[in-house]
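Remarks on the overall topology
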Amino acid sequence: GCSAISSLTFPSREAVDLIWRLEAPERVLRALENHPHSISLQISGCDALKRLSGNTTRAVQILRRGGGKAMMAAMENHANNGFVLLKASQAIIVLCSHPEGLFTLFRLGAASFIAGVIDQPVNQRGLLQNYCQLMCLFARKDSLRLSLLNLDVERKMVKIAESNDGITGIYAARVVEYLNATE
């Protein structure tokens, strides 16, 4: 189911519209909730929700239907599985494209989770970049910066910025800039 929905959303906007009319987001969310320990389902489901969240309006609808909670549950239940973490973090980035999503995911513990795992070895290409991108999104908001400082995010981002070239290092350096703007 979730894999099929994910692959169907790729070809066209019309396919996504049809899938929405068939209540695919609800079906994916139910599957994620009913099978929290199925790694393959969590990977497919997170990917499907990311693809179904193709615009801000749909991202907010998925968020309001429990998409944020589903992504956080996937990350927490599979904290040692790089593939689940990658797909869930990609979906969270899309859900954070709207301020409601950003603040909801922050309240659900996305920043705390990332701060807790960001200095662990990453076994999945792109995951550290996703984590830094999310921290950058959170750090842009004045109202969230103090919480990030309390999570020791600045020290961790400095370390990442110093040891990573490319976009990951840029995101990490940007987080540090935003956090220093608070002081």
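Residues numbered from 1 in each chain as written. Predicted model: local features only at pLDDT ≥ 70, side-chain atom pairs only at ≥ 80, totals over all residues. Heavy atoms only, no water.

Notes on the overall build of the chain
Going by this rule: Helix numbering and strand numbering both begin at the N terminus, where a helix is a DSSP run of H or I of at least 4 residues and a strand a DSSP run of E of at least 2. Every radius of gyration here is taken over C-alpha atoms, with the globule rule written as 2.2 Å times N^0.38, N being the number of residues. Throughout, a contact is declared for two residues whenever any of their heavy atoms are within 4.5 Å. Residue exposure ignores everything except the shown protein chains as possible cover, and the areas themselves are Shrake-Rupley values with a 1.4 Å probe. By the counting scheme adopted, Arg and Lys are positive, Glu and Asp are negative, and His together with the chain ends is not counted. One atom stands in for each charge, and that atom is NZ of Lys, CZ of Arg, CG of Asp or CD of Glu.
When you go through the chain residue by residue, the secondary structure sums to 13 helices and 0 strands. Beginning at the N terminus, the succession of helices and strands in the chain can be written as α-α-α-α-α-α-α-α-α-α-α-α-α. A globule of 183 residues ought to have a C-alpha radius of gyration of about 16 Å, and the chain, at 16 Å, matches this closely. Projecting the C-alpha coordinates of the chain onto the three principal axes gives extents of approximately 50 × 30 × 25 Å. In the chain, the proportion of contacts linking residues at least 24 apart, taken out of those at least 6 apart, comes to 70%. Carbon and sulfur atoms make up 51% of the accessible area of the chain, which totals about 9100 Å². Counting 20 positive and 16 negative side-chain charges, the chain places the averaged centre of each group 6 Å from the other.

With respect to the packing of aromatic side chains
Heads up, the rule is: Working definition: rings of Phe, Tyr and Trp (its six-membered ring) pair if their centres are within 6.5 Å, and the pair is stacked with planes under 30 degrees apart, edge-to-face with planes over 60 apart, and tilted otherwise. Accessible area is worked out with a 1.4 Å probe on protein chains only. A residue is then buried under 20% of its type maximum, exposed over 50%, and partly exposed in between.
For the coordinates displayed, the defined rule picks out 1 aromatic pair. For the ring pair phenylalanine 106 and phenylalanine 138, a centre distance of 5.4 Å and an interplane angle of 70 degrees mean the geometry is edge-to-face. Within this pair, whereas phenylalanine 106 is found in helix H8 (residues 99-107), its partner phenylalanine 138 is found in helix H10 (residues 127-139), the two being separated by 32 residues in sequence. Here phenylalanine 106 matches phenylalanine 138 in class, with each residue buried.

Observations regarding the environment of isoleucine 160
With respect to the helices and strands, the residue isoleucine 160 is situated in helix H12 (residues 153-163). Residue classification places isoleucine 160 among the buried positions, given a relative accessible area of 7%. In sequence terms isoleucine 160 and arginine 27 are 133 residues apart; their C-alpha atoms lie 38 Å from each other.

Brief notes about helix H9 (residues 110-117)
Burial analysis of H9 places 6 of its 8 residues in the buried class, which makes it a mostly covered element. Every buried residue belonging to H9 is among Ala110, Ala111, Phe113, Ile114, Ala115 and Val117, and all of these are buried. Taken together, the buried residues of H9 touch helix H6 (67-77), helix H7 (82-95), H8, H10, helix H11 (142-150) and H12.

Points about the nonpolar core
The line we're drawing: Grouping buried Ala, Val, Leu, Ile, Met, Phe, Trp, Tyr and Cys residues that are joined through side-chain atoms within 4.5 Å yields what is termed a nonpolar core.
Within the largest apolar cluster, 60 residues are counted, with the highest numbers of intra-cluster contacts made by Met71, Leu105, Tyr131, Met135, Phe138, Leu148 and Met157. Take this core: its biggest share by element is 10 residues, from H10. Contact partners of leucine 148, with chain neighbours within four places excluded, come to Phe106, Ala111, Met135, Phe138, Ala139, Val153 and Leu179.

Considerations on the state of the cysteines
Under the convention used in this document: For this text, the term disulfide refers to a pair of cysteine sulfurs within 2.5 Å.
Counted according to the given criterion, the structure contains 0 disulfides. You can see cysteine 136 has no disulfide; the closest cysteine sulfur is in cysteine 132, sitting 8.9 Å from it. The class for cysteine 136 is buried, based on a relative accessible area of 8%.

So, the pattern of salt bridges
Put simply, the test is: Salt bridges are defined by distance alone: a side-chain nitrogen of Lys or Arg within 4 Å of a carboxyl oxygen of Asp or Glu.
Scanning all chains against the criterion turns up 9 salt bridges. Across the salt bridge formed by arginine 58 and aspartate 17, the nearest N and O atoms sit 2.7 Å from each other. With arginine 58 in helix H5 (residues 56-64) and aspartate 17 in helix H2 (residues 13-21), the pair connects residues that are 41 residues apart, well separated along the chain. On the basis of relative accessibility, which here comes to 17%, the residue arginine 58 falls in the buried class. Across the salt bridge formed by aspartate 152 and arginine 155, the nearest N and O atoms sit 2.7 Å from each other.

Focus on H5
Note: α-helices contain 3.6 residues per turn, so residues at a spacing of three or four share the same orientation. Within the span of H5, buried status applies to Arg58, Ala59, Val60, Ile62 and Leu63. Positive backbone phi, approximately 110 degrees, marks glycine 66, located one or two places after H5.

Some remarks on the packing of helix H4 (residues 39-52) against H7
Under the convention used in this document: Axis lines are fitted through C-alpha atoms, for helices just across the contact stretch, and the angle between N-to-C directions can take any value from 0 to 180 degrees. In this scheme, roughly parallel covers angles under 35 degrees and roughly antiparallel covers those over 145, while 65 to 115 is roughly perpendicular and the rest are oblique. Should the near helix be turned anticlockwise from the far one by less than a right angle, the crossing is left-handed, and should it be turned clockwise, the crossing is right-handed. Polarity classes work like this: nonpolar for Ala, Val, Leu, Ile, Met, Phe, Trp, Tyr, Cys and Pro, charged for Asp, Glu, Lys and Arg, and polar for all others, with Gly in that last group.
Look at H4 against H7: their axes get within 8 Å of each other, and the N-to-C directions meet at 20 degrees. It follows that H4 is roughly parallel to H7 by the angle criterion. The element H4 and its partner H7 pack so that their crossing is left-handed. Residues Ile39, Gln42, Ile43, Cys46, Asp47 and Lys50 of H4 form the contact with H7, whose own contacting residues are Phe83, Val84, Lys87, Ala88, Gln90, Ala91 and Val94. Partitioned by chemical class, the residues of the contact of H4 with H7 number 8 nonpolar, 2 polar and 3 charged.

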